[in-house]
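Results of the structural survey
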Amino acid sequence: ALPEQVSEVVAEKESKEVEAKLAPLVLPKGERWAVSHPDIDLSGDWKVVVSEDFKSQYDAYLRSLGQPQIVRSVALSII
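Nothing here was measured: the structure is a model prediction, and the numbers come from that model.

Moving on, we come to the overall build of the protein chain. Within the protein chain one finds 3 helices and 0 strands. Secondary structure elements of the protein chain, listed N to C terminal, follow the sequence α-α-α. Put simply, the protein chain has 79 residues, and 6% of those count as buried. In the structure as shown, the protein chain presents an accessible area of about 7,200 Å², 58% of it carried by carbon and sulfur atoms.

Below, the structure written as structure tokens:
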């Protein structure tokens, strides 16, 4: 490969390797989804950072789902 084509060859090789790793996975259906790279480990302990802005956005999200005020207030009180 010519020097300017080396990066294209490497990218193609890496792409094929990633495709090979992803091949046995069952991918989600729908238009909106993402899968992390097979080498990424997302296990561990996670904590939601709760701010007033987060609560406001979460309340708006629950409202858009049609949740009544009582459900939203309970949900917001336990996060």
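So much for the structure itself; the text now carries on.
A complete count under the given rule lists 2 aromatic pairs for this structure. Consider the rings of F54 and Y58, whose centres lie 5.9 Å apart with planes at 15 degrees: the pair is stacked. Placement of the pair is F54 and Y58 together in helix α2 (residues 52-64), with a separation of 4 residues, close to one helical turn. On the accessibility criterion, F54 (30% relative accessible area) is partly exposed. Between the aromatic rings of Y58 and Y61, the centroid separation amounts to 6.5 Å while the plane-to-plane angle is 20 degrees, which identifies the pairing as stacked. Of this pair, Y58 and Y61 are both found in helix α2, 3 residues apart, which corresponds to roughly one turn of the helix. Judged by relative accessible area, which is 48%, Y61 ranks as partly exposed. Ring pairing ties together the aromatic residues F54, Y58 and Y61, which thus form one cluster.

About the thresholds
- Residues numbered from 1 in each chain as written.
- Predicted model: local features only at pLDDT ≥ 70, side-chain atom pairs only at ≥ 80, totals over all residues.
- Heavy atoms only, no water.
- Helix = DSSP H or I, 4+ residues; strand = E, 2+ residues; numbered from the N terminus.
- Buried < 20%, exposed > 50% of the residue type's maximum accessible area, 1.4 Å probe, protein only.
- Areas by Shrake-Rupley, 256 points an atom, 1.4 Å probe, with all protein chains shown as cover.
- Phe/Tyr/Trp six-rings, centres within 6.5 Å; stacked < 30°, edge-to-face > 60°.

That is the geometry; function is a separate question.
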